[in-house]
Structures are given as C-alpha cells and as structure tokens.
Amino acid sequence: DITGFGLMGHLMSMVKASGVGANVRIGDVPILPGVKDLLNQGAVPGGTYRNLSSVNNSIDWDKSLTEEDRLLLCDAQTSGGLLISVRPGMLEELLSHLQAAGVSTTAVIGGIIRDSVGRISVSA
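Okay, so let's go over this structure. Here the structure is a predicted model, which is why all the values come from computation and not from measurement. (Residues numbered from 1 in each chain as written. Predicted model: local features only at pLDDT ≥ 70, side-chain atom pairs only at ≥ 80, totals over all residues. Heavy atoms only, no water.)

Overview of the side chain of Asp75
In step 1: As for its position among the elements, Asp75 is in the loop between helix H4 (67-73) and helix H5 (91-100).
In step 2: Leaving out residues up to four positions away in the same chain, Asp75 has contacts with Gly6, Pro45, Thr48 and Asn51. (Helix = DSSP H or I, 4+ residues; strand = E, 2+ residues; numbered from the N terminus. Contact = heavy atoms within 4.5 Å.)

Some details on the pairing of strand E1 (residues 21-25)
In step 1: For E1 and strand E3 (residues 110-113), the ladder comprises four bridges, and the chain directions are antiparallel. Within the sheet, the bridge partner assigned to Gly21 lies in E3 and is Ile113. (Pairing = 2+ DSSP bridges.)

As for a nonpolar patch on the surface
In step 1: Together, Leu82, Ile84, Val86 and Met90 give the surface a local cluster of nonpolar side chains, amounting to about 340 Å² of exposed area.
In step 2: Among the structural elements, Met90 can be located in the loop between H4 and H5. (Patch = residues over 30% accessible without salt bridge, like charges linked within 9 Å, V, L, I, M, F, W, Y side chains within 5 Å. Areas by Shrake-Rupley, 256 points an atom, 1.4 Å probe, with all protein chains shown as cover. Salt bridge = Lys/Arg side-chain N within 4 Å of Asp/Glu carboxyl O.)

Limitation: the analysis is restricted to geometry and does not speak to function.
Here it is as structure tokens:
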C-alpha cells in the first residue's frame, strides 16, 4: 500500500531490501485529475517535502523533470495504490489476473535494474 512515504519512498524500500535498483517513467505513472493543478498552486503537504528529502540522494532525476514532478512521485497523500514487482515473464499473466479481478487501473511504470543497487532512475 503506497501511503505515507509516497511512490518513491516505497520503491526505495523495495530496491534496497532486494539488492537491486529501478527505473521509473513518470509519464507512465497514473495521476488523478487535478493533482498537477494543485501542485502548481503550491498545495503540497509537509510530509511530501520530507519524503522527497529522504530519497533525493538515491534518485537520478532526468534533467527535464520539474520540482513538481519530483513532489508528485513523493506525495505523502496517495490514492493507496499497490506497487508490485514481477519477473518480466510473469507480467502479462499478472495484468490479466488484475483485470479479471476488476482492478480498473493498472500501469507498468518501469523496471528493475540489477546493477544499480539502491538507486532509482526517473525519466520523463
């Protein structure tokens, strides 16, 4: 359950515990309508800034990403999504099972990197 520590905080916990790294494509991350407008208005909870601060040194941010993009991925008030990592050969089966179970929103947002222990790369 991605709550409190934001997507990047929970992904960081997963990669460090597993001895791997990850890449994330921000363009593939589902975003609720209106969220970017709120970010642009400065409606950001303090926990989100703390989350960004706690993971920032372990993330390689694409230079094209804005501060709002970074805050979005570290948002402390998420929708309670589920972050799952599966072997590439299992991806289609997982997506099929999720769809059959009535899960309305699924997204493949990146992948695991074996030679980048404890690091996350975020691209546009």
